[in-house]
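Letter by letter, the chains look like this.
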Amino acid sequence: MTATPKLQPKPVRTNNSQSQPVVITKQRDFTHKEPVIIPSHLDEIPVISAASYIKDARNRWYIHTVELKEVWEVHVNLFNQVKPHALNAHDYVVKRYQELSK
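Everything quoted here is computed from the prediction, not taken from an experiment.

J.: Would you explain the overall build of the protein chain in this entry?
T.: The helix and strand tally for the protein chain stands at 1 helix and 0 strands. Its C-alpha atoms give the protein chain a radius of gyration of 33 Å, more than 25% over the compact-globule value 13 Å for 102 residues. Overall, the C-alpha framework of the protein chain stretches about 85 × 70 × 25 Å when taken along its three principal axes. Within the protein chain, the fraction of its 102 residues that count as buried is 1%. Surface summary for the protein chain: the accessible area is close to 11500 Å², and the carbon and sulfur share equals 60%. Averaging the coordinates of the 14 positive side-chain charges in the protein chain and doing the same for the 10 negative ones gives two points 18 Å apart.

J.: Looking at this model, I keep getting lost on the environment of leucine 42. Mind explaining?
T.: On the secondary structure map, leucine 42 appears in the segment before helix H1 (50–100). On a C-alpha basis, the gap between leucine 42 and lysine 6 in space is 73 Å, while along the polypeptide they are 36 residues apart.

J.: Please explain the pattern of salt bridges as it appears in this structure.
T.: All chains considered together, the criterion is met by 2 salt bridges. One salt bridge connects arginine 96 with glutamate 99, and the closest N-O pair in it is separated by 3.1 Å. Of the two residues, arginine 96 and glutamate 99 are both situated in helix H1; the distance of 3 residues between them amounts to about one turn of the helix. Here arginine 96 falls in the partly exposed class, since its relative accessible area comes to 33%.

J.: Looking at this structure, how should I read a nonpolar patch on the surface?
T.: Together, Val36, Ile38 and Val47 make up a nonpolar patch on the protein surface, roughly 300 Å² of accessible area in all. Overall, the relative accessible area of 56% leaves isoleucine 38 in the exposed class.

What counts and how
- Per chain, the residues get numbers from 1 upward, laid out in the order the sequence is written.
- pLDDT decides what is reported in this predicted model: residues at 70 or higher carry local features, side-chain atom pairs at 80 or more are listed and counted, and totals for whole chains, interfaces and linings draw on all residues regardless.
- Computation of side-chain values: all heavy atoms of the structure, hydrogens and water removed.
- Helical segments are the DSSP runs of H or I of at least four residues, strand segments are the runs of E of at least two, and each set is numbered from the N terminus.
- This radius of gyration counts C-alpha atoms alone. The globule rule is 2.2 Å times how many residues there are, raised to the power 0.38.
- Think of it in three bands: residues with accessible area under 20% of the maximum for their type are buried, residues over 50% are exposed, and the middle band is partly exposed, with areas taken using a 1.4 Å probe on protein chains only.
- Only the protein chains shown count as cover for residues, with accessible areas throughout obtained via the Shrake-Rupley method and a probe of 1.4 Å.
- When charges are tallied, Lys and Arg are placed among the positive residues and Asp and Glu among the negative ones, while His and the ends of the chain are skipped.
- A charged residue contributes its charge at one atom only: NZ of Lys, CZ of Arg, CG of Asp or CD of Glu.
- Salt bridge criterion: a side-chain nitrogen from Lys or Arg within 4 Å of a carboxyl oxygen from Asp or Glu.
- A patch consists of residues exposed above 30% relative accessible area that lack any salt bridge, with like charges linked at up to 9 Å and nonpolar side chains (Val, Leu, Ile, Met, Phe, Trp, Tyr) linked at up to 5 Å.

In structure tokens, the structure reads:
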């Protein structure tokens, strides 16, 4: 039989050093700037601005969430309609198994 090794106590960290205070050296300008339109290398395909791209992404995300809610509601309704039949089938199978296993 081997003896279990003695465990050493977990070291405790001490924070003796004080962190330096944060000094703001430069104030950034957060004003809105006009979007930069980058010319496309394909003349017939226009490049949209960043603001239009963000607005489009938000609209697509909204459509996604609405459709996902509809899918969820359909699945919940399906579950609620199938549940009683599944429970009846389960009870029938259990009852028949108990009858046959006697």
